[in-house]
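A structural walkthrough
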Amino acid sequence: MVRIAEIEAGSIAEELHLEIGTRIVRINGERVRDGIDLTFLLADSELELETVNPRGDREMVEIHREDARPLGIVPAPDTVRECANECVFCFIDGNPPDVRQSLWLRDDDFRLSFTYGSYVTLTNLGPRGLQRLVDQRISPLYVSVHATEPEVRVRLLKNPRAGLIMEQLRYLLDHGLEVHTQVVLCPGWNDGSHLERTMEDLYRLGEGIRTLSVVPVGLTKYNENRPVRLLTPEEARTAVDQVHRFRRRVEGRREQAWVYAADELFLRGGLPLPDLSYYDGWNLEENGVGSVTTFLGAFRKGLEGVPTLEGTRIRILTGRSMEPFMKALAPALAHATGAPVKVQAVTNTFYGESVTVAGLLAGEDFLRAVPDPRPEDLILLPAEALNGDDLFIDSLSLSTLREGMAPARVVAGHEITESLAALRKERVAL
């Protein structure tokens, strides 16, 4: 059942005097399991809701809608379905003890896959679960495949159901659903000939497999070599070459190249990043595919709107992966603003030096990186290091960090150039 968390003003639900806290048990006789069921079942114009109000009274509510006017019910968040696997590369096993509490959740929920694009393994879905995906047309899904050979995938996920992946994917595709897939590449586990087999198997499933992203395993000082290790530069180059060769082999058979190497594979292998045409317009940036190229393009474009900042010293703090790219952009930013620009790579002591992405830098890491803040400093932080509540991964708040970096001014934004452009409007004397 679903609990009503909020009722929109002026809505049908308000007119019917539905109460916050009321549970919706059935709609037109069908059981309501979660928010997706609620959305799916509320599509009818004739509705009969079986509800239980906050006092425990069971009530029937009949609704007739002559138009597409929404009911106005905002459901409480669903309980997240947790992961039943024990993946040998699980990033949660690499968390330090004092990491933000929400990062301990091992989610493997198809609803998050459908609504937010997070990757799931399908190991916790039986025949009824798969049938529900088909019945409700929950597509596209994002699926972590890792390997198509049953014994290899079982070994990686430590779950006997992991070997059913090809059977599950065929079922979904045969019923018209679409799937984006990924491989987290672990040296000695699913690389080399196993990666070749995975690319071949998934491609042969047909165009319902929309994309395959090949992403190198990410490990921290807490789980490196337990039992998986990081790819060497040579192994990263080999993987990129495998992806390139497969792309060339299937070139022209479909409208898109289909398989994509993640940015980190290029960076780890010391290879130049491809241009945007490589990614065929797919939005796979949350999976680390094309995110750097997209950011660089947005940065250059945004330089047109930055204000003049004479008398200011700009300090850009970032992860080691982005340091060379930001240094290459620094002269253009300095020219546009009239201010000197310093790019500083921040060492990750929270997770360990093997973690080089800016989004996993802790607040304390940033504070240690600036022992000498000055009034003329404008310190720019990557927005990816903050969550929606402006907390860093170690739970330090942005406001606390700003206090620790006073008298400097600290700005964090989705794009650095957007933050700079905001200063034009504020007319702040720096």
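Residues numbered from 1 in each chain as written. Predicted model: local features only at pLDDT ≥ 70, side-chain atom pairs only at ≥ 80, totals over all residues. Heavy atoms only, no water.

A few words on the pattern of salt bridges. In the structure shown here, the tally under the stated rule is 24 salt bridges. A salt bridge links Arg132 to Asp37; its shortest N-O distance comes to 3.0 Å. Note that Arg132 is positioned in helix α4 (residues 127-135) and Asp37 in helix α2 (residues 35-41), a separation of 95 residues in sequence. A residue is classified by how much of its surface remains accessible, and Asp37, at 1% relative accessible area, is buried. Here the residues in one salt-bridge network are Arg33, Asp34, Asp37, Asp78, Asp109, Arg111 and Arg132, joined through shared partners. (Salt bridge = Lys/Arg side-chain N within 4 Å of Asp/Glu carboxyl O. Helix = DSSP H or I, 4+ residues; strand = E, 2+ residues; numbered from the N terminus. Buried < 20%, exposed > 50% of the residue type's maximum accessible area, 1.4 Å probe, protein only.)

Now for the pairing of strand β4 (residues 46-52). Counting buried positions along β4 gives five out of seven residues, so the element sits mostly inside the fold. Two elements, strand β2 (residues 23-27) and β4, share four bridges in a ladder whose sense is antiparallel. Paired with Arg23 across the two strands is Val52, which belongs to β4. Across seven bridges, the pairing between β4 and strand β5 (residues 58-64) is antiparallel. Directly across from Glu50, in β5, lies its bridge partner Met60. Hairpin connection of β4 to β5: five residues between the antiparallel strands, including Gly56 at a positive phi of 95°. (Pairing = 2+ DSSP bridges.)

With that settled, consider the packing of α4 against helix α6 (residues 165-174). At a minimum axis separation of 10 Å, α4 and α6 run at an interaxial angle of 25°. The pairing of α4 with α6 is recorded here as roughly parallel in orientation. Where α4 crosses over α6, the two elements pack in a sense that is right-handed. The residues of α6 that touch α4, namely those facing Leu130, Gln131, Leu133 and Val134, are Gln168, Tyr171 and Leu172. Of the residues in the contact of α4 with α6, the class split is five nonpolar, two polar and no charged. (Axes fitted to C-alpha atoms, helices over the stretch in contact; angles between N-to-C directions. Parallel < 35°, antiparallel > 145°, perpendicular 65-115°, else oblique. Left-handed = near helix turned anticlockwise from the far one by under 90°. Contact = heavy atoms within 4.5 Å. Nonpolar A, V, L, I, M, F, W, Y, C, P; charged D, E, K, R; others polar.)

Tracing the chain through its elements places Gln242 in helix α8 (residues 233-249). Every residue in contact with Gln242, bar those within four places of it in the chain, is listed here: Gly192, Leu195, Glu196 and Met199.

Looking now at helix α10 (residues 291-302). Under the 1.5 Å per step criterion, the end-to-end length of α10 is 16 Å for 12 residues, consistent within 8% with the ideal 16 Å. Buried within α10 we find Val292, Thr293, Leu296 and Phe299. One side of α10 carries all its buried residues, which in axial view fall inside an arc of 125°. (Expected span 1.5 Å × (residues − 1). Arc of directions from axis to C-beta.)

With that settled, the discussion passes to a negative patch on the surface. Together, Asp44, Glu46, Glu48 and Glu62 line one region of the surface with negative charge. The topology assignment puts Glu62 in strand β5. Look at Glu62 and you get exposed, because its relative accessible area is 60%. (Patch = residues over 30% accessible without salt bridge, like charges linked within 9 Å, V, L, I, M, F, W, Y side chains within 5 Å. Areas by Shrake-Rupley, 256 points an atom, 1.4 Å probe, with all protein chains shown as cover. Lys, Arg positive; Asp, Glu negative; His and termini not counted. Charge placed at Lys NZ, Arg CZ, Asp CG, Glu CD.)

At a closest axis distance of 11 Å, the pairing of α10 and helix α11 (residues 323-337) adopts a crossing angle of 10°. By the criterion of interaxial angle, the relationship of α10 to α11 is roughly parallel. Where α10 approaches α11, its residues Val292, Phe295, Leu296, Phe299 and Arg300 are matched on the opposing element by Phe325, Met326, Leu329 and Leu333.

Moving on to the environment of Asp98. With respect to the helices and strands, the residue Asp98 is situated in the loop between β6 (73-75) and α3 (110-116). In this structure the C-alpha to C-alpha distance between Asp98 and Asp394, which are 296 residues apart in sequence, comes to 6.6 Å. With residues up to four places along the chain from it excluded, the contact list for Asp98 reads Phe350 and Asp394.

Further remarks concern the packing of aromatic side chains. As enumerated under the stated definition, the model contains 11 aromatic pairs in all. Taken together, a centroid distance of 5.5 Å and an interplanar angle of 80° make the contact between Tyr119 and Tyr142 edge-to-face. Here Tyr119, found in the loop between α3 and α4, pairs with Tyr142, found in strand β7 (residues 141-144); they are 23 residues apart in sequence, far enough to count as distant. Both rings, one in Phe366 and one in Phe392, keep their centres 5.5 Å apart while their planes meet at 50°; by these two values the pair is tilted. In this pair, Phe366 is assigned in helix α12 (residues 363-369) and Phe392 in the loop between β13 (377-382) and α13 (398-404), connecting sequence segments 26 residues apart. Each member of the pair, Phe366 as well as Phe392, is classed as buried. Members of the aromatic cluster, each reached through a chain of ring pairs, are Tyr260, Phe266, Tyr278 and Tyr279. One residue, Arg155, lies across the ring of Trp189, its end atom 3.9 Å from the ring centre. One Lys or Arg, Arg247, reaches over the ring of Tyr278 and ends 3.8 Å from the middle of that ring. (Phe/Tyr/Trp six-rings, centres within 6.5 Å; stacked < 30°, edge-to-face > 60°. Lys NZ or Arg CZ within 6 Å of the ring centre and 35° of its normal.)

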